[in-house]
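# Topology and contacts: notes
This is what each chain is made of:
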Amino acid sequence: MTYQRATRNSVMAGVGQYSRRELASSSSMNPQILGFLGRAMSLEFSAAQQYLSHAALCQSRMENQFAEEFVQLANEEFRHASELTERMVDHGALPSGTVLTPSKPSFNIIEALSICELSEMQLINLYEQAYKLSANIGSTGDAELFGRLYEEEVTQLHRIRQWSADYIAKSHAPHPMKGGFA
């Protein structure tokens, strides 16, 4: 699946603003699509919250490179949530609220990355289902959004798995001796 990203201003602070407009009627909105949009928003915010928690834990363990990577992932998830909100508004709806999954503690990088994999898999599965429904009912705009977000989450999952593989390889690499025998 390859999709072009629509060019429009974002509602995120500091990025741009929409001019004031009236909401469209939500009576033509497919309730299943609205459900997917709402569930996706909850999962995106939950993932962002989890990644910010991992960043803080990494900072406390002096793993600053990983902390920065987790903040970057969190920002990507916030952008996704913003796009989902924009799509809801396009349909004449506003988010009714989200239920966030509590953050899980991680005591090392491998645990943190495993938790991240689970979050990404949930989003990938949801976007795959949402894409199929949207495509089946002819909701092109929704299918494009869900398809693109699916691809972005798959890319994030690959990135997380690569970090894990690199970390494991680095931890198993032989370390040069310093100073020799005395």
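Our structure's up above, just so we're on the same page.
A brief structural summary. (Residues numbered from 1 in each chain as written. Predicted model: local features only at pLDDT ≥ 70, side-chain atom pairs only at ≥ 80, totals over all residues. Heavy atoms only, no water.)

Within the structure shown, the criterion is met by 10 salt bridges. Here Glu83 makes a salt bridge to Arg79, at a shortest N to O gap of 2.5 Å. Note that Glu83 and Arg79 are positioned in helix 2 (residues 64–90) at a spacing of four residues, about one turn of the helix. The buried category is assigned to Glu83, whose relative accessible area is 9%. Classification of Arg79 as partly exposed rests on a relative accessible area of 22%. Salt bridges linked by common partners bring Arg79, Glu83, Arg148 and Glu152 together as one network. (Salt bridge = Lys/Arg side-chain N within 4 Å of Asp/Glu carboxyl O. Helix = DSSP H or I, 4+ residues; strand = E, 2+ residues; numbered from the N terminus. Buried < 20%, exposed > 50% of the residue type's maximum accessible area, 1.4 Å probe, protein only.)

A few words on the packing of helix 3 (residues 109–137) against helix 4 (residues 140–172). Where helix 3 meets helix 4, the closest approach of the two axes is 8 Å, and the angle between their N-to-C directions is 160 degrees. With respect to helix 4, the axis of helix 3 lies roughly antiparallel. Remark: the crossing between helix 3 and helix 4 carries left-handed chirality. Along the lines of polarity and charge, the residues of the contact of helix 3 with helix 4 split into 21 nonpolar, four polar and six charged. (Axes fitted to C-alpha atoms, helices over the stretch in contact; angles between N-to-C directions. Parallel < 35°, antiparallel > 145°, perpendicular 65-115°, else oblique. Left-handed = near helix turned anticlockwise from the far one by under 90°. Nonpolar A, V, L, I, M, F, W, Y, C, P; charged D, E, K, R; others polar.)

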